[in-house]
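An overview of the molecular structure
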Amino acid sequence: MTISHEQAAWFQQTFDQMTDNISKAVLGKRHVVRLALTCLLSEGHFLLEDFPGTGKTMLARALANTVQGSHARIQFTPDLLPSDVTGVTVYDQHKGTFEFHAGPIFHTIVLADEINRASPKTQSALLEVMEEGRVTVDGQPHSVGRPFMVIATQNPIEQAGTYRLPEAQLDRFLMKTSVGYPDHAATVELLVNARVRDRAALVKPIITAETIAQMSGLADDVYVDPAVVGYVAELAEESRRQPHVKLGLSARGCLAFIRVAKTWAAADGRDHVVPDDIKMLAEPVLCHRLLLDAEAQFSGVSVETVITRLLDTVAPPTDRVA
Amino acid sequence: MKDVSLRDRIIDIVLLLAVCTAALLGLAPTFTGWSFAVVGGVGLLVGTAIGVLVTVLRWPAIAGVLIAVVAFLLLGGPLCLRSEGGDAMLPLPGTIGELVDQSLYGWKDLLTTLPPVDGSGPLLVLPWLLGLVAGLLGTLLLRFKYAGLPLLAPLLLLVMVILLGVRHPQSLWVQGAVLGALALAFLAIRAQRSSGPIRGGAGRSTRLVVGAALLGVAGALAVPVATLATGGDAADGDRVVLRTYVEPPFDVGQYPSPLASFRRYVKMPKPDAVNLYDKTLFTVDGLPEHTRIRFATLDHYDGVVWGASNDAIPGATNDTYQRVSSTIDNPVDGKEVDVEVEIGEGYSGVWLPLAGALQSMDFTDGDPDAKAEAFRYNLATSTAVVPSGIHPGDRYSFSAVLPKDGVTDADLPSGAIGDAAIAAAFLDTQAVQWSKGESEPMKRVFAVAEHLKREGKYSDGVLAAEKIYHAGHHVARLSDEFVNAPIMVGNDEQYAAVMALLANKIGVPARVVMGAVVPEGGEVKGSSVQAWVELQLADGTWRTLPTSEFMDTDRPAEQPPQTEQEMSGTVVPPPAPIPPPSTSGEQTDAELNSRKAKRNAGDGGPWSLPAWAKALLVYVGGPLLLVVLLLGAVVGAKLLRRRRRLSAAKVSARFVGAWRELVDHARDLGQPIPMGAAITRREQSTAIVSPAAPQLARIADGYVFGPAAPDPNAATSFWTAVDAERRAMSSVVPRGRRLLAAVNLRSFGRR
């Protein structure tokens, strides 16, 4: 079944409302907001990497605020333990039984702030919940419910006191992007309204968790022509052949690509994906999934360079398959 | 493709020119002089310049081709047709016609002309065309990133040069080595430039040593490899050339055998108007006394006559009648002579009297140009034919080499027996009986000759008592009336014919030659005419077996034998009818004449206009017509392209085509539209100066990548929308810009 034109139009309208709502807090970053919302509606997780003070946390909090659901913020520190994230089973002396005390991960939207400041052990505590939507403590699985989204922020790895996220962890993030500094107009507006200390508080919930789930379902019904699917497959294969690339796009990455492209197309009011969607989303979807070799750094080759070269190498389809 | 610096581009072009020049010089044995190299070199330079121009201006390759066509027609006259007079230097219709004519038919003329051809003649159009195409192609191929791709141009040029060349090229090793080395250098430089910078690994000195070693190996390999590539691999020393396979369209068999009319030259008892015995056939100056001068070499016996033919010698490739230029590549050892001949009242026909191996030819009187053009020469038989005819009063001069002659019974014969041995089947008995038990073929031939001389009698059959000795040398005359008769009686015609047949039967290649022995003073009369036999030795040379070796001059007794009552019993088939003259043999001449006639008519007929009108038509009309034709071709090509897109079988392809039509229109209007395989419609739409373009791109994408199969009616509607947008885009630009867009070639370029 394919999404109808009316459903696509409703999707686009709702998506735009959410974007407008979040943009009250995050000035001049509409594209990043759209990416974050796309990630939410694709039931994926979002990784924001940038320098301190660029609005990463603000964006995450605004996104959490716009949804009528529970949300929690976990400040990742070097002494944070896995049980501080997932929860712990304690003995209830009154009842004489062991009871599970859920950790902050059991919310609709979880903000994992400065995730790379925690030790790899604690980072790994997120692996299961991000992939399967559940937490296993003392052999007992505990579902976190739907929708569930982790918005993580991290400082660049060159920053002091940071740990590199393992590849398996990175692959669980649907998209990664950076917020970047606001442009001149946004900076001026920010300064003019400096009295507003907490801009995220300006964002009121306008959508329910059920609607989010409904939109996710509609996005799944967006049509992807085999020619476009082939284009994604060719990009994946070519990514593994590119010089300086140690680890190319995985099958999970390809699936993520298609899923994100569907949501992006629906957000544009379309019932089908076009190659431009793939090109547009290539960088946020691929940049944390491609692992370069050591020589790349010496040669001045960055992931962004590789992605640009990849898109220049693989020709997008101009016609449908049949 | 990586950006290439100006210095690198110049190096590429210079090396490419050098490789092409080395390939082009392979035509040296094909043309006399070096005009071909100059013309071909200019062609290379002009082609390269056009290629560079097109590349710098980022024009499509088709533009380069069109410019090259114009350059070919404009410069072809002064470069290649100087020999044809003043008007040929100008790009007039006649000149253009001649250039096109030579481009289309010159190849055939070149291949059917015995090399080297005149280096100043109209066939220079061919090296001019080859150079132009190679230069343009090579430069255009430099656009591609593949290091060796531009070498395709000199490679194709080399193939053409070899195919159009001669079987025994000179300086094969030198040319091959130079060409190979230049090509390797070109490849090495381009490959090194396209490879990435070396980091780490071997040091500079190590790389230098390794590089030098590799270059040395490449150089050592270049000589044999390039020599093989230039055609030096054939086991017999010959290389494969087209002229081996292109049969000259000339059937010499259509001309009557001069041997059949031998009795015109014998002494008659009474004066006879047609008899030539006392008439001067021609006067020769420059030949030693008693030199044999040849009318025709007759190498094919069909049971009726000994005649001349093409391809009579097994295994030979030079035994055809080919056009020749004024000088002939005919290397033979011997005495060089320069001869002048004036045809007398007694000689006419197509066979041109010559002596020895011809080196050069010059007709001086009697429509020399026509004779020179029609003149054909057979290297293997040293026989010349002038199809337009030799007439009394004609004069010509030639230089020739008189090779070593004479044969003895100790010489070894060649083993290349032709069809004549089969035709001599009726002489099986004589070939054995008259050999006197000899086993060596040459000794058997001399034994047979001796038998013929000893047993045979001489009669021209013109005396009243000798009229029973008929003329002719068909099978019946040679069997029942000669070898099987009680007494063999005949003259040169019968003796030479049967001697040659017997020699072939024995296994010694033999042929009959009709000619004359130059008397003192050089005035050749009919009385000097003879028919003799030539035998081929193991070294391939043909040696004369004089008539005196196999024919005596004793006359027969007064009472002739009753041959009618003593038939041998041999079943003699009736003489085969002489085939009607073939018209295909004249085909080339006819074509040539027809083409010339057309050109002459074109030059003279329609131009009977006032001078100002003629000038206007020539200098304005011609170029204008050419330009209009070129522009029309561009518009036509665009219409064809549009039609193909509009009528694509796949409906979604019609949307794609409609979008491309819009993009092409924008490009032709001069808008900078991003092109390339990685560019999508939406990306292009942002660059098109049209408010509707993004929406059109979105619609096209919707139909192409949407869930439902596109509807043909929707495609038609989309084309309508695109056409409306194209008109809207055109309406906002000046009229001149619109006209320019209609003929702009930009949209044929990179997609």
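Below is a summary of the structure that appears in this document. Keep in mind that this is a model prediction, so the values were computed, not measured. (Residues numbered from 1 in each chain as written. Chains lettered and ligands numbered in written order. Predicted model: local features only at pLDDT ≥ 70, side-chain atom pairs only at ≥ 80, totals over all residues.)

On to the overall build of chain B, then. Check the secondary structure of chain B and you find 23 helices and 18 strands. Within chain B, buried positions represent 41% of all 751 residues. When contacts within chain B are restricted to residue pairs at least 6 apart in sequence, those whose partners lie at least 24 apart make up 77%. (Helix = DSSP H or I, 4+ residues; strand = E, 2+ residues; numbered from the N terminus. Buried ≥ 20, exposed ≤ 12 C-beta atoms within 10 Å, placed from the backbone. Contact = placed C-beta atoms within 7 Å.)

All right, on to the overall build of chain A then. Regarding its fold elements, chain A presents 14 helices and 13 strands. When each of the 322 residues of chain A is scored for burial, the buried share is 45%. Within chain A, contacts between residues at least 6 apart in sequence are counted, and of these 79% link residues at least 24 apart.

Contacts between the two partners involve 19 residues from chain A, matched on the other side by 13 residues from chain B. For the side of chain A that touches chain B, the secondary structure elements donating two or more residues are α10 (226-241), α12 (275-286) and α14 (303-313) of chain A. Element by element, the count of residues in the side of chain A that touches chain B is highest for α12(A), at three residues. Classifying every residue of the side of chain A that touches chain B gives nine nonpolar, three polar and seven charged. (Nonpolar A, V, L, I, M, F, W, Y, C, P; charged D, E, K, R; others polar.)

Attention shifts here to the sheet that holds strand β1 (residues 113-114) of chain B. Working definition: the strands of a sheet are paired by backbone hydrogen bonds and lie parallel or antiparallel to each other. Residue and element names in this part refer to chain B. The strand order across the open sheet formed by five strands is β1-β6-β10-β11-β8, and the pairing between neighbours is mixed. The outermost strands of the open sheet, each flanked by one partner alone, are β1 and β8 (349-352). In this structure, β1 lies alongside strand β6 (residues 322-324), joined through two bridges in parallel fashion. Considered in β6, the bridge of L114 is made with V324. (Pairing = 2+ DSSP bridges.)

What follows deals with the nonpolar core. The tendency in soluble globular proteins is for nonpolar side chains to be buried as a group. Core analysis: the largest hydrophobic core is formed by 113 residues, its most contacted members being A36(A), L59(A), L63(A) and A700(B). With residues up to four places along the chain from it excluded, the contact list for L59(A) reads V26(A), V32(A), A36(A), L48(A) and V179(A). Within the second largest apolar cluster, 97 residues are counted, among which are F295(B), V498(B), I506(B) and V518(B). (Core = buried A, V, L, I, M, F, W, Y, C linked by C-beta atoms within 7 Å.)

Residue and element names in this part refer to chain B. Across the eight residues that make up strand β15 (residues 510-517), a large majority, seven, are buried. Taken together, the six bridges between strand β3 (residues 292-298) and β15 define a ladder with antiparallel strand orientation. Its bridge partner lying in β15, L298 is registered against V512. The pairing of β15 with strand β17 (residues 529-536) spans seven bridges and is classified as antiparallel. Bridge pairing links M514 to A531 in β17.

Residue and element names in this part refer to chain B. Relative to each other, helix α4 (residues 93-111) and helix α5 (residues 125-141) sit at 105 degrees, their axes nearing to 9 Å. The angle between the axes of α4 and α5 places the two elements in the roughly perpendicular class. In contact with L99, Q102, S103, G106, W107 and L110 of α4, α5 contributes V125, L126 and L129. Residues of the contact of α4 with α5, tallied by class, amount to six nonpolar, three polar and no charged. (Axes fitted to C-alpha atoms, helices over the stretch in contact; angles between N-to-C directions. Parallel < 35°, antiparallel > 145°, perpendicular 65-115°, else oblique.)

Turning to the sheet that holds strand β9 (residues 357-365) of chain B, a few remarks are in order. All names here are of chain B. Reading across the sheet, the five strands line up as β9-β12-β7-β2-β16 and stay open at both edges, with antiparallel pairing between neighbours. Looking at the sheet topology across the chains shown, the edges are occupied by β9 and β16 (523-525). In this sheet, neighbouring strand axes are inclined to one another by 25 degrees on average, regardless of whether the strands run parallel or antiparallel. With three bridges connecting them, strand β2 (residues 280-285) and β16 associate as antiparallel partners. Residue pairing in the sheet places T283 in a bridge with E523 of β16.

In this chain, R146(A) is followed by P147(A) through a cis amide linkage whose omega measures -10 degrees. Positive phi values are uncommon outside glycine, yet D367(B) reaches one of about 50 degrees. The class of D367(B) is partly exposed, set by 14 C-beta atoms lying within 10 Å. Within the chain, K436(B) stands out as a residue other than glycine whose phi angle is a positive 55 degrees.

Let us look at the packing of helix α19 (residues 651-668) of chain B against helix α21 (residues 693-705) of chain B. Residue and element names in this part refer to chain B. The N-to-C vectors of α19 and α21 enclose an angle of 160 degrees; their axes lie 9 Å apart at closest approach. Here α19 is positioned roughly antiparallel relative to α21, judged by the angle of their axes. The way α19 lies across α21 gives a crossing that is left-handed. Of α21, the residues touching α19 (which contributes S652, F655, V656, A658, W659 and L662) are L696, A697, A700, Y703 and V704. Here the residues of the contact of α19 with α21 sort into 10 nonpolar, one polar and no charged. (Left-handed = near helix turned anticlockwise from the far one by under 90°.)

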